[in-house]
Amino acid sequence: MNTQYLELRERFPEFIYKDFTVEAQDGGFVVRYHFVVPGLTEFRPSLYFPSQSWPLLNHPDSPMARRILFSIGMVELVSYWKIACPPRVVVEAAYLDEAQLAWWKQLYFGGLGEFFYRNEINPDRVSFMELISTAEPAEIADKTFLAAETRLIPIGGGKDSIVTLEHLRPLHGQNLLFAINPTQASLDTMEIGGYGRDRRLLVSRTLDPEMLRLNREGYLNGHTPFSALLAFVSYFCAYLTGSTAVVLSNEASANAASVPGTEINHQYSKTSEFELAFQHYT
């Protein structure tokens, strides 16, 4: 077992998901998350949605929108948790029941498979993290969803995105495209596909500089389930625009183990197992 992993868990036994805020900014809005590792540091990553030109049907600060934004924070937190891997994670930002806590714990364990492998960590599925929700249960008062005849297509710039665009070419006029921090390849794919700027939902994600500093100083680092973040952010954008589906393609190899004889796949959040779990959860 990695001795640094054990030492960090002893030095920093707790990770806290404190809260998040939604604020108007520059023709859109920014969501800031607040995570704390007592005795180490605080993290405030953010997402910026330049929504001024988006075809919005549902409000970004509605009770349902905030619930989805909270879930995005649940994915974001694992990127910051992995720095010291505290054994206890306390969620103060919103309530989660036992089934939901188990769902997130499974995502973290599966999504960190490559991280554990490369850092020579052999965690126990149960004890690697105690996940606790301390918020009070609260019903979402208004679940109204105004729907449009559109679907959302995430574009990563690779062949999978092109497969989706080609399959849905006959429905071109009903498609909206989505990307987080799009690469030039992503933008080129959108352009060649014939989708103008008014059909693109482009989100900016900013990592907290503290995480990058700690990475440089030698704290634990490695792969996290980015596709799960993509799933929840695209789900949020679909909610905002009234899109009734998010459509994407994943290659079948995502279901195969990257390390023979194990269940480790560096793309766990691209597997059919995760996809079905995500559909059930949302």
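Here, the structure is the one placed above.
Remember, it's a predicted structure, so these values are computed and weren't measured experimentally.

### Overview of the overall build of the protein
Counting its regular elements, the protein contains nine helices and nine strands. The C-alpha atoms of the protein give 19 Å as radius of gyration, which agrees with the globular expectation for 282 residues (19 Å, within 12%). The principal-axis extents of the C-alpha atoms in the protein amount to approximately 55 × 45 × 35 Å. A burial count over the protein gives 49% of its 282 residues as buried. Per element, the accessible surface of the protein, about 13500 Å² overall, is 52% carbon and sulfur. Both charge centroids of the protein, one from 23 positive and one from 32 negative side chains, sit 3 Å from each other.

### Considerations on the environment of Leu 56
When you line up the elements, Leu 56 lands in the loop between strand E4 (46–49) and helix H2 (63–81). Between the alpha carbons of Leu 56 and Met 129 there is a distance of 38 Å; along the sequence they are 73 residues apart. The contact partners of Leu 56, leaving out residues within four places of it in the chain, are Ser 51 and Leu 240.

### Observations concerning unusual backbone geometry
Of note in the backbone geometry, Glu 120 takes a positive phi value of approximately 55 degrees without being a glycine. You can see Glu 120 is positioned in the loop between helix H4 (113–118) and strand E6 (130–133). The exposed category is assigned to Glu 120, whose relative accessible area is 65%. One non-glycine residue, Asn 181, lies in positive phi territory at about 45 degrees. Under the relative-accessibility criterion, Asn 181 is labelled partly exposed at 39%.

### Brief notes about the nonpolar core
Core analysis: the biggest nonpolar cluster contains 71 residues, and Phe 49, Trp 81, Trp 104 and Val 233 have the highest contact counts within it. With twelve residues, the top contributor of residues to this core is H2. By size, the runner-up hydrophobic cluster in this structure holds eight residues, among which are Ile 153, Leu 168, Leu 177 and Met 190.

### Points about the packing of aromatic side chains
Summed over the entire model, instances satisfying the criterion amount to 30 aromatic pairs. With centroids separated by 5.8 Å and ring planes inclined at 40 degrees, the aromatic side chains of Phe 35 and Tyr 80 adopt a geometry described as tilted. With Phe 35 in strand E2 (residues 28–37) and Tyr 80 in helix H2, this residue pair connects regions lying 45 residues apart in the sequence. When sorted by exposure, Phe 35 lands in the same class as Tyr 80, which is buried. Taking 6.2 Å as the distance between ring centres and 35 degrees as the angle between the ring planes, the aromatic pair formed by Trp 104 and Tyr 108 counts as tilted. Here Tyr 108 and Trp 104 lie together in helix H3 (residues 98–111), a separation of four residues that amounts to about one turn. Note on accessibility: Trp 104 and Tyr 108 belong to one class, buried. Chaining the aromatic ring pairs together yields one cluster made of Trp 103, Trp 104, Tyr 108, Phe 232, Tyr 235, Tyr 268, Phe 274, Phe 278 and Tyr 281.

### Things to note about the pattern of salt bridges
Going through the model one piece at a time under the given rule, you end up with twelve salt bridges. A salt bridge links Glu 166 to Arg 169; the shortest N-O distance between them is 2.5 Å. Its relative accessible area of 43% is what places Glu 166 among the partly exposed residues. With a shortest N-O distance of 2.7 Å, Glu 191 and Arg 200 are connected by a salt bridge.

### Details of the environment of Gly 194
Tracing the chain through its elements places Gly 194 in the loop between helix H6 (184–192) and strand E9 (200–206). Note: C-alpha distance between Gly 194 and His 167 (27 residues apart in sequence) is 14 Å.

### Considering the side chain of Thr 189
Tracing the backbone shows Thr 189 in helix H6. Judged by its relative accessible area of 10%, Thr 189 falls in the buried class. In this structure, Thr 189 is in contact with Ile 155, Gly 157, Ile 162 and Leu 165, ignoring residues within four places of it in sequence.

Definitions and limits used
- Along every chain, residues carry numbers that run from 1 in the direction the sequence is written.
- Reporting of local features is limited, given that this is a predicted model, to residues whose pLDDT is at least 70; pairs of side-chain atoms are given and counted only at 80 or more, and all residues count toward the totals for whole chains, interfaces and linings.
- To obtain the side-chain values, all non-hydrogen atoms of the structure were included, while hydrogens and water were left out.
- Secondary structure follows DSSP: runs of H or I at least 4 residues long count as helices, runs of E at least 2 residues long count as strands, and numbering of each begins at the N terminus.
- As defined in this context, the radius of gyration uses C-alpha atoms, and a globule is described by 2.2 Å times the residue total to the power 0.38.
- In this scheme, a residue with accessible area under 20% of its type's maximum is buried, one over 50% is exposed, and one in between is partly exposed, where area comes from a 1.4 Å probe on protein chains only.
- Working definition of accessibility: Shrake-Rupley area with a 1.4 Å probe, residue cover restricted to the visible protein chains.
- As used throughout, the charge tally considers Lys and Arg to be positive and Asp and Glu to be negative, leaving His and the chain termini uncounted.
- Where a charge sits is defined by one atom per residue type, namely NZ (Lys), CZ (Arg), CG (Asp) or CD (Glu).
- We call two residues contacting when some pair of their heavy atoms lies within 4.5 Å.
- The definition of a nonpolar core used throughout is a set of buried Ala, Val, Leu, Ile, Met, Phe, Trp, Tyr and Cys residues joined through side-chain atoms within 4.5 Å.
- Stacked, tilted and edge-to-face are the three classes applied to pairs of Phe, Tyr and Trp rings, where Trp contributes its six-membered ring and a pair requires centres within 6.5 Å; stacked means planes under 30 degrees apart, edge-to-face means over 60, and tilted covers the rest.
- By convention in these notes, a salt bridge is any Lys or Arg side-chain nitrogen within 4 Å of a carboxyl oxygen on Asp or Glu.

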